[in-house]
Amino acid sequence: MSFLERHAVRLTLRDLRRTAAIGLGIALAAALMTSVVLFGIASGSTVTRRALASVPIDAQVVLGPAADAATVSATVASDPSVATVMDYEQVAFDSAAINKAGTATQTSSGALVAVDPGYVSTTGMFSVIQGAPAPGQVTVSRDLATNLGAVPGDTIHFSLPGGQGADLTVSGIVDTNGADLLLGPTDEAHRSAGTNPPANVAVTDRATLDAIAASIPAGAVPAAPTGQQTTSGSPVQVASVAVRRELHLRYDHAQLPGDPVAAQSWLDQLRRRLEVRGAGSFSVVDDASATLQPVAADLLWGQILFVFLALPGVLLALAMSRFAADATAEATRRHIALLRARGATGRQLTRILLVSTAGVAFGASLIGGLAGAAVAWWRFGSELLTVDGVGSTLSAVVLGVVLVTVLATIAAAFPLREQLRTELSFGRHEIQRERSAFWRRYYLDVAALIGAAVLFVLTGGTGIHPIFTAEGNPTVSLALTSFLAPFLLWIGMTLL
């Protein structure tokens, strides 16, 4: 260690109260930055978990025409990431009609569905809300029951693709909420176009639906739904194949990464692995990944918002350390004058003071970063464990330490430069002519408040209008300009 570096250490340790006052603001800034970054990371795990909690089925395995359901089920179930495999079959009908009391009523196309009793208890979908399921009979959706005026005991005639038909007795009403992805088309092109799922749905047992599917000629195509929209870019209703055999999967969510981007990558790798095992006998439709896709983009904006709004707090904490340093500015000037009298050059003085300042900033920011990480783990430990907690914590602490150390050193360099420009005799004076800070001289506080008011009127004064996806779900996407108003308001009020 050179003489200058040793002198910088002695300068730091000579007045511990001054060093502690400066370090306190720096430590608060580092703790705030680290905890906010870790909060943003932990929120990703929470958002991922809550988004997937509303998805009853993680993936649909669409069987090919020649695929054996039992073989495919065994192949898929052998993957350690697959927790549950359930059978699902769907047959399209062209129309449904009912004839009672001399009055005939007919409705448009829809779908006949067959699921096992365990499917209802596992997923919560297709639960019967009136009546009870019975072999050889159907439970119908509210829409189908309303359109036909059907009640339990009525018989509905279903016109099938290829000219065949089936008469089934209504045994109850079934709830189809949450089944839109399952009832609609499985190809990505139609899903991205905002395809409407069939509203007329009837649920029956597997044996009955197998017999109905066997009566449909090979290659039969359902009739196009009525009211189909063909305008480019608008949601359309696209008829599916006549008979669709599927296996529905639920994954082991304990293996799923907490970060939505990493979770999407994990789901994509699992989908590819399953399709490779199937050797072309089936395809996998990833419903969980489709759910996380908008979540990942919205979460990124949310994390940017948290960090953006934390910056004024970081700057305020650094300003506290700057004010603490200004309180002992006279002693620093006398110390500089004494070193100059002993022959120290301006470059040597700059090195001594900057090394001292950087050392205090690094040590304080390291302590603050570790404290911020401890608080984050205390509050969000379970969430951080799902997103590589050690690596995320290390990255957040390093980011906080580096950023705050650099900012604190830069903030201290300007007054040090002014002090080094003074003459020796001027530096020994006890009383100095105070000069207002530059932000006071140029009224930056007032300018920031005016800018915040103008931006609020331009961006938020007329209210917040959510952006909706093609399916009608609101997103959290915000323009970057919407963050500037609170940022400038915080800065203006702090300086004021």
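These figures come from a predicted structure and were not determined experimentally. (Residues numbered from 1 in each chain as written. Predicted model: local features only at pLDDT ≥ 70, side-chain atom pairs only at ≥ 80, totals over all residues. Heavy atoms only, no water.)

(A) Spotlight on the overall build of the protein chain. Summing up its helical and strand segments, the protein chain has 17 helices and 12 strands in all. Within the protein chain, the proportion of its 496 residues that are buried is 42%. If you take every contact in the protein chain between residues at least 6 apart in sequence, the share linking residues at least 24 apart comes to 80%. When the accessible surface of the protein chain is split by element, carbon and sulfur atoms take 62% of a total near 25,300 Å². (Helix = DSSP H or I, 4+ residues; strand = E, 2+ residues; numbered from the N terminus. Buried < 20%, exposed > 50% of the residue type's maximum accessible area, 1.4 Å probe, protein only. Contact = heavy atoms within 4.5 Å. Areas by Shrake-Rupley, 256 points an atom, 1.4 Å probe, with all protein chains shown as cover.)

(B) Here's a closer look at the packing of aromatic side chains. Evaluated as defined, the whole model comprises four aromatic pairs. When the centroid spacing of 6.2 Å and the interplanar angle of 35° are considered together, the rings of Tyr88 and Tyr119 count as tilted. Taken as a pair, Tyr88 in strand S2 (residues 82-93) and Tyr119 in helix H4 (residues 117-123) lie far apart in primary sequence, 31 residues in all. Both residues of the pair, Tyr88 and Tyr119, belong to the buried class. A centroid spacing of 6.3 Å and a plane angle of 35° characterise the contact between Tyr119 and Phe126, whose relative ring orientation is tilted. You can call Tyr119 buried: its relative accessible area is 2%. Site record: aromatic cluster; members linked through ring pairs are Tyr88, Tyr119 and Phe126. Between the NZ or CZ atom of Arg379 and the centre of the ring of Trp378, over which it lies, the distance is 5.7 Å. (Phe/Tyr/Trp six-rings, centres within 6.5 Å; stacked < 30°, edge-to-face > 60°. Lys NZ or Arg CZ within 6 Å of the ring centre and 35° of its normal.)

(C) Up close: the pairing of strand S7 (residues 137-141). Within S7, four of the five residues are buried, which leaves the element mostly enclosed by the surrounding structure. Here five bridges tie S7 to strand S9 (residues 165-175), and the two strands are oriented parallel to one another. Looking across to S9, one finds that Val138 is bridged to Val170. For S7 and strand S10 (residues 201-204), the ladder comprises two bridges, and the chain directions are antiparallel. (Pairing = 2+ DSSP bridges.)

(D) Expanded view of helix H9 (residues 260-278). Between its first and last C-alpha, H9 extends 27 Å over 19 residues, near the 27 Å set by a 1.5 Å rise per residue. Those residues of H9 not exposed but buried are Pro260, Ala263, Gln264, Trp266, Leu267, Leu270, Arg271, Leu274 and Gly278. One face of H9 carries all of its buried residues, which in axial projection span an arc of 165°. Turned more than 90 degrees away from the buried face of H9, the exposed residues are Val261 and Val276. (Expected span 1.5 Å × (residues − 1). Arc of directions from axis to C-beta.)

(E) Summary view of the pattern of salt bridges. Taken as a whole and judged by the stated rule, the model has nine salt bridges. Measuring nitrogen to oxygen at the nearest pair gives 2.7 Å for the salt bridge that ties Asp268 to Arg271. Taken together, the positions of Asp268 and Arg271, both in helix H9 and three residues apart, correspond to about one turn of that helix. With a shortest N-O distance of 2.9 Å, Asp268 and Arg272 are connected by a salt bridge. With Asp268 and Arg272 both in helix H9, this residue pair falls four residues apart, about one helical turn. Judged by relative accessible area, which is 25%, Asp268 ranks as partly exposed. Classification of Arg272 as partly exposed rests on a relative accessible area of 49%. Connected through salt bridges with shared partners, the residues Asp268, Arg271, Arg272 and Glu275 form a single ionic network. (Salt bridge = Lys/Arg side-chain N within 4 Å of Asp/Glu carboxyl O.)

(F) Broad picture of the nonpolar core. Judged by nonpolar contacts, the single largest core of 26 residues is most densely connected at Leu112, Val140, Ile156, Phe158 and Leu160. The set of elements that each furnish at least two residues to this core consists of S2, strand S3 (95-100), strand S5 (110-115), S7, helix H5 (142-148), strand S8 (155-159), S9 and helix H8 (206-214). The greatest single-element share of this core, amounting to four residues, is contributed by S9. When near neighbours in sequence (up to four residues on either side) are disregarded, Phe158 contacts Phe93, Ser95, Ala96, Leu112, Leu144, Gln164, Gly165, Ala166, Leu168 and Ala202. Formed by 23 residues, the second largest nonpolar core is a distinct cluster that contains Leu63, Val72, Val76 and Val82. (Core = buried A, V, L, I, M, F, W, Y, C linked by side-chain atoms within 4.5 Å.)

(G) Molecular detail of H8. Thr208, Leu209, Ile212 and Ala213 are the residues of H8 that are buried. Viewed end-on, H8 has its buried residues packed into an arc of 135°, placing them on one side of the element. In H8, the exposed residues that point more than 90 degrees away from the buried face are Ala207 and Ala214. On its buried face, H8 sits against S2, S5, S9, S10 and strand S11 (243-251). Residue Asp205 occupies the N-cap position of H8, its side-chain oxygen lying 3.4 Å from the main-chain nitrogen of Ala207. (Polar contact = N/O pair within 3.5 Å; in protein donor to acceptor, adjacent residues only side chain to side chain.)

(H) Summary view of the environment of Phe158. Mapped onto the elements of the fold, Phe158 is located in strand S8. Placed 44 residues apart in sequence, Phe158 and Ala202 show a C-alpha to C-alpha distance of 10.0 Å.

(I) Expanded view of a nonpolar patch on the surface. Taken together, Leu394, Val398, Val402, Val406 and Ile410 make up a surface patch of nonpolar side chains, about 430 Å² in accessible area. Relative to the elements of secondary structure, Val398 occurs in helix H13 (residues 389-421). (Patch = residues over 30% accessible without salt bridge, like charges linked within 9 Å, V, L, I, M, F, W, Y side chains within 5 Å.)

(J) How the structure looks around the confidence of the model for the protein chain. Averaged over the protein chain, the pLDDT score is 76; the fraction of residues at 70 or greater is 69%. Per-element mean pLDDT across the protein chain ranges from 46 in helix H14 (residues 424-427) up to 93 in S7. Across residues 226-233 the pLDDT falls below 50, and counting only partners more than four positions away or on other chains, this stretch makes six contacts in the model. Here residues 235-239 is a poorly scored stretch, pLDDT under 50, and it has 20 contacts once near neighbours within four places are set aside; other chains count. (pLDDT = per-residue confidence, 0-100.)

(K) Region of interest: unusual backbone geometry. For Phe126, which is not a glycine, the phi torsion comes out positive at approximately 60°. We note that Ala279 has phi near 55°; this positive angle belongs to a residue other than glycine. Inspection of the secondary structure puts Ala279 in the loop between H9 and strand S12 (282-286). Since its relative accessible area comes to 69%, Ala279 is described here as exposed.

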